[in-house]
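# Remarks on the overall topology
Now for the letters of each chain:
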Amino acid sequence: MAAFPVPGSRRRIRRAHVMAAGCAVALCTGVAAPVAADDGTTTAKPTIVLVHGAFADASSWNGVVERLQRRGYTVIAPANPLRGLYSDSAYIASVLDSIKGPIVLAGHSYGGALISTAAAGNPQVKSLVYVSALMPDVGESGMTLGAKFPSELGTATKSVPYRAGGVSGTDLYLKPDRIHPVFAADLPESTTRVMAVTQRPAATTAFSETAKVAAWKDIPSWFLVAKQDKTINPDQERFEAKRAGSHMVEIDSSHVAMISHPDAVTDLVLQAATAADSARPALAATGTTHDARAETALTGIAAASLTAGAGAVLLGRRLRRSRP
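Residues numbered from 1 in each chain as written. Predicted model: local features only at pLDDT ≥ 70, side-chain atom pairs only at ≥ 80, totals over all residues. Heavy atoms only, no water.

### Some words on empty space enclosed by the protein
Taken as a whole, this structure holds one cavity of 30 Å³ or more when the rule is applied. Every residue lining the largest cavity is listed: Leu85, Ala113, Leu134, Pro136, Glu140, Ser141, Gly142, Ala206, Phe207 and Glu209. For the lining of the largest cavity, the class distribution of residues is six nonpolar, two polar and two charged. (1 Å grid on protein atoms, 1.4 Å probe; cavity = no way out; pocket = protein on both sides within 12 Å on 5 of 7 lines; lining within 4 Å. Points joined across faces, edges and corners; volume = space filled by probe spheres on them. Nonpolar A, V, L, I, M, F, W, Y, C, P; charged D, E, K, R; others polar.)

Shown next, in the form of structure tokens:
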């Protein structure tokens, strides 16, 4: 006597068949899903913070900002007070504290000294980028580094006393007729004449105060050497980069490379942004560990997919046998 399936059983079997096949598809598509980090966070583009140097303002980064924004990065270019290494770096550190997620921190000229201090102890800062910059070690200042590697900057500045809020000190300005040859020789003279009028002076304490920390000892760094720099000696820049073990590039540029060569500077910042943690020497073995985990996960997913597929085949056979 032929065995007839109980009413509704065929629908249940078909439903189970579809569910099993669906599980197999879901497991297979899971291979392409992003893998979360060990702490449960997902990978995101870092925020890029650009710190300007002396005699300038944040607009000196405009060309780089535009290029990074076109790449989809969030960019912040804070106003550097230019009052002294200690107070300025504390201000930049407070800006960093307001940012959620990973950070790439770049500094031009005196801004390099600031990022070396401001990033210390901040685990969110993944990379440091120095553009024709100061990069002092503990106990060094801009002045002590400049004494070891003389440049033409001393011939291009003038001192002007200032008073503000009961505090007095000395500001340094660039002499208008020296900005083009010493500071920005690869920019049109019409541009440097405007720079002379709009420059922001730096207090002498910006260059005389000595560094108490050096974040580049713990955070991977990238360094752009401007081979035609007459404000900071290119030999000083090479010395700093080699001492820090930085990823170094050299270009034919004046001191203001981010203005005259924004593409090259942007490329270097992007290198730092995409490298992030992978550049840390202490994490050199991380890739192998993650690869092994990924391989294990893929093997487990493949096995599970095969099991689910086999289950679907068996259900199909039962379905065919149960037909009248």
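Further notes follow.
### Some thoughts on the nonpolar core
Counting residues in each nonpolar core, the largest one holds 47 residues, and the members touching the most others are Leu105, Tyr110 and Leu128. Top element by residues in this core is helix H4 (residues 110-118). It accounts for five residues. Contact partners of Leu128, with chain neighbours within four places excluded, come to Leu105, Ile115, Ala119, Ala215, Trp216, Ile219, Pro220, Ser221 and Trp222. (Core = buried A, V, L, I, M, F, W, Y, C linked by side-chain atoms within 4.5 Å. Buried < 20%, exposed > 50% of the residue type's maximum accessible area, 1.4 Å probe, protein only. Helix = DSSP H or I, 4+ residues; strand = E, 2+ residues; numbered from the N terminus. Contact = heavy atoms within 4.5 Å.)

### Let's talk about the sheet that holds strand E3 (residues 103-108)
Strand order in this open sheet of six strands is E2-E1-E3-E4-E8-E9, and the pairing throughout is parallel. Two strands in the sheet have a free side with no partner beyond their single neighbour: strand E2 (75-76) and strand E9 (247-251). Judged from the five bridges that link them, strand E1 (residues 47-51) and E3 form a sheet pairing that is parallel. Across the sheet, the residue bridging to Val49 is Leu105, located in E3. (Pairing = 2+ DSSP bridges.)

### Considerations on the packing of aromatic side chains
Counting across every chain of the model gives four aromatic pairs. With 6.3 Å between their ring centres and 85 degrees between their planes, Phe55 and Phe183 make a pair best called edge-to-face. Of this pair, Phe55 sits in the loop between E1 and helix H2 (62-70) while Phe183 sits in helix H6 (residues 179-183), and the two are 128 residues apart along the sequence. Under the relative-accessibility criterion, Phe55 is labelled buried at 8%. Accessibility expressed as a relative area gives 5% for Phe183, which makes it buried. Ring geometry for Tyr130 against Phe223: centres 5.8 Å apart, planes inclined by 10 degrees, an arrangement best described as stacked. Here the residue Tyr130 occupies a position in strand E4 (residues 125-131), and Phe223 occupies one in strand E8 (residues 221-226), the gap between them amounting to 93 residues. Tyr130 sits in the buried class, given a relative accessible area of 0%. Residue Phe223 is classed as buried on the basis of its relative accessible area, which comes to 0%. Over the ring of Tyr73 we find Lys45, and its NZ or CZ is 4.7 Å from the ring centre. (Phe/Tyr/Trp six-rings, centres within 6.5 Å; stacked < 30°, edge-to-face > 60°. Lys NZ or Arg CZ within 6 Å of the ring centre and 35° of its normal.)

### Quick look at the sheet that holds strand E7 (residues 202-203)
Hydrogen bonding along the main chain pairs the strands of a sheet, whether they run parallel or antiparallel. Taken in spatial order, the three strands make up an open sheet running E5-E6-E7, and their pairing is antiparallel. Two strands lie at the open edges of the sheet, namely strand E5 (157-164) and E7, each paired on one side alone. The pairing of E5 with strand E6 (residues 167-174) spans eight bridges and is antiparallel. Its bridge partner lying in E6, Thr157 is registered against Leu174.

### Notes on the side chain of Asp229
If you trace the backbone, Asp229 turns up in the loop between E8 and helix H9 (234-244). Look at Asp229: it is buried, it has no salt bridge, and the nearest opposite charge is Lys230 at 9.5 Å. Of the polar contacts made by the side chain of Asp229, one reaches the backbone nitrogen of Thr231; its length is 2.8 Å. Side-chain polar atoms of Asp229 contact the side chain of His255, separated by 2.8 Å. Ignoring anything within four residues of it in the chain, the contact list for Asp229 reads Ser132, Pro234, Glu237, Ser253, Ser254 and His255. (Lys, Arg positive; Asp, Glu negative; His and termini not counted. Salt bridge = Lys/Arg side-chain N within 4 Å of Asp/Glu carboxyl O. Polar contact = N/O pair within 3.5 Å; in protein donor to acceptor, adjacent residues only side chain to side chain.)

### Focus: the side chain of Ser221
Within the secondary structure, Ser221 sits in strand E8. Contacts of Ser221, omitting those with residues within four sequence positions, involve Leu128, Tyr130, Met135, Ala244, Ser246 and His247.

### Some remarks on the packing of H2 against helix H11 (residues 262-275)
Running from N to C, H2 and H11 point in directions that differ by 50 degrees, and their axes come no closer than 9 Å. Looking at the two axes, H2 sits oblique to H11. Considering the relative orientation of H2 and H11, their crossing is right-handed. Only Pro262, Asp263, Val265, Thr266, Val269 and Leu270 of H11 make contact with H2, whose side of the interface consists of Gly63, Val64, Arg67 and Leu68. Split by residue class, the contact of H2 with H11 holds six nonpolar, two polar and two charged. (Axes fitted to C-alpha atoms, helices over the stretch in contact; angles between N-to-C directions. Parallel < 35°, antiparallel > 145°, perpendicular 65-115°, else oblique. Left-handed = near helix turned anticlockwise from the far one by under 90°.)

### So, the packing of helix H3 (residues 85-97) against H4
At their nearest, the axes of H3 and H4 sit 8 Å apart, and the two run at 65 degrees to each other. Helix-helix and strand crossings are classified by hand; for H3 and H4 the assignment is right-handed. For the pair H3 and H4, contact is made by Leu85, Asp88, Ser89, Ile92, Ala93 and Leu96 and by Tyr110, Ala113, Leu114, Thr117 and Ala118, respectively. Classifying every residue of the contact of H3 with H4 by side-chain character gives eight nonpolar, two polar and one charged.

### Comments concerning unusual backbone geometry
One non-glycine residue, Phe55, lies in the positive phi region at around 65 degrees. Positive phi outside glycine occurs at Ser132, with the angle close to 35 degrees. Tracing the sequence through the fold places Ser132 in the loop between E4 and helix H5 (142-148).

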